[in-house]
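Each chain is listed here by its residues.
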Amino acid sequence: TFHIRGKALHRKVSKFFPLLRDTAAAARIDDLARLKEILLKHFTGMEGRLNQSALKYAINLSASALNTASKAANDLYGLNYFWMIRDLVKDFDKQGPYLLAKLQQIQKRVTCLEDPHLVLSCNAAMYNHLKTHSFYGLGEIEKSPSNPWKGALPITKIPPQGRVIASPVAFIGKVFPTVSYTHPDAPALTVASFLFDNLTLHSKIREQGGAYGGGAVSNPMSGNFYFYSYRDPNIVSTFKAFDEAVYHVVKGNIDESDLEEAKFEMIQGLDSPISPGSQAEVAYGWLQEKKNYAIRQAFRNKLLSLTCDQVIDAIQRIIIPNMSKGSEVVFAGRELLEQANQELEAEGKSPLEIAVI
């Protein structure tokens, strides 16, 4: 999907909606010098935030070998995107005209398509006002036929690897496939991620290891599960902590109070209030994802009824068999990466493939 979004005070809607219309129907993409300026500014910002974005890049890269959606996410937001923008900036004089033509082509393919959706967060009086004024011209946009995108993205196996950045600490991600939101084991795996955090990862990675943070996340909407740490002075001990977190729970080292705490943390996230300005967008997301009330409530009910044995069983059947499908991706300084490889080789394990950004 392609979104054009914004917000405005009620008294400004007569100016705001025409801006949305002009952005969708009449945005100019024809100035090569302006495009170069924007691209340079964009890449300068990305380059300056490289270390801040290292964890995101590591997670996206590790996940990119799992499925088409994760591959697309890495191409759109990960290291692949960083490389593409860098290459365009380096060779803009040659590639600029092609890029401009390509953007114009994309503009025609993603804007002013048939059956657009207008998503509004406002009160009833404002909605009636907008409807009376025909949404200030939004409905008058000339629309073109829509051809749904069909992806055939090549998925390449990702080896365990280290990417060299100017940093004395590491950013680590390991992602592997699990199950989707509607799977009956999805709530148990999400609870498991909180148990891994509370019982092992926080103490091993942050308190003992000295990292700024680390943990586990189950993302049932993508069907992926990942371990991570950031600003971490250790690499190999963090890899071990990921495994220890899983087997600590599987061995039965949890009780009802641990499970109850994990459930409370998860419910807190599910029940956190949604700001008025985001309510329509969230509801629209649920609609598009087919997460209706009955499905969301079934997830919640299953979560509240979980027992320790059910969580352990789900970990044994789903997490443990799939952990080997995930590759560790580390962004760190060369010295720290080489030290990690020495430790891995001393333990008889395969070293990380070290490469520059």
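From a predicted model like this one, the values you see are computed outputs, not experimental measurements.

Rules used throughout
Per-chain numbering applies: the sequence of each chain, read as written, is numbered from 1 onward. Given that this is a predicted model, residues contribute local features only at a pLDDT of at least 70 and side-chain atom pairs are listed and counted only at 80 or more, while totals for whole chains, interfaces and linings are drawn from all residues. Only hydrogens and water are removed before side-chain values are computed, so all heavy atoms of the structure are retained for them. Strands here are runs of E lasting at least two residues and helices are runs of H or I lasting at least four, both read from the DSSP assignment and numbered beginning at the N terminus. Each residue is placed in one exposure class: buried if its accessible area under a 1.4 Å probe, protein chains only, is under 20% of its type's maximum, exposed if it is over 50%, and partly exposed if it falls in between. The protein chains shown are the only cover counted for residues, whose accessible areas, like all others here, come from Shrake-Rupley with a 1.4 Å probe. Residues scored as charged are limited to Lys and Arg (positive) and Asp and Glu (negative), so that His and the chain ends carry no count. Every charge is mapped onto a representative atom, which is NZ of Lys, CZ of Arg, CG of Asp or CD of Glu. Two aromatic rings from Phe, Tyr or Trp, using only the six-membered ring of Trp, form a pair when their centres are within 6.5 Å; if the ring planes differ by under 30 degrees the pair is stacked, by over 60 it is edge-to-face, and anything between is tilted. Placement of a charge over a ring requires the Lys NZ or Arg CZ to be within 6 Å of the ring centre, with the centre-to-atom vector within 35 degrees of the ring normal.

A.B. asks: Any chance you could break down the overall build of the protein chain for me, citing the residues and the numbers?
C.D. replies: Within the protein chain one finds 14 helices and 6 strands. Based on the C-alpha atoms only, the size of the protein chain along its principal axes is roughly 65 × 55 × 35 Å. Relative to its full complement of 357 residues, the protein chain shows a buried share of 39%. For the protein chain, the computed accessible surface area is about 20300 Å², with 54% contributed by carbon and sulfur atoms. Taking the 40 positively charged and 37 negatively charged side chains of the protein chain as two groups, their mean positions are separated by 8 Å.

A.B. asks: How would you sum up the packing of aromatic side chains? Please name residues and give values.
C.D. replies: This structure, assessed with the given rule, holds 15 aromatic pairs. Ring centres of Phe 196 and Phe 225 lie 6.0 Å apart, and the angle between their planes is 70 degrees; on these two criteria the pair is classed as edge-to-face. Linking Phe 196 in helix H8 (residues 186–208) with Phe 225 in strand E4 (residues 224–232), this pair joins segments that are 29 residues apart in sequence. Here the two residues Phe 196 and Phe 225 agree in accessibility, since each one is buried. The rings of Phe 176, Phe 196, Phe 225, Phe 227 and Phe 242 are connected pair by pair, giving a single aromatic cluster. Between Lys 291 and the ring centre of Tyr 181, over which it is positioned, the NZ or CZ distance is 4.5 Å. Above the face of the Trp 286 ring, Arg 296 is positioned so that its terminal group lies 3.7 Å from the ring centre.

A.B. asks: Now, about unusual backbone geometry: what can you tell me, with residues and values included?
C.D. replies: We note that Cys 112 has phi near 60 degrees; this positive angle belongs to a residue other than glycine. The topology assignment puts Cys 112 in the loop between helix H6 (92–110) and helix H7 (124–132). With phi around 45 degrees, Arg 231 is a residue other than glycine that occupies positive phi space. Take Arg 231: it is sitting in strand E4. You can call Arg 231 partly exposed: its relative accessible area is 36%.

So yeah, pure geometry; function would need other evidence.
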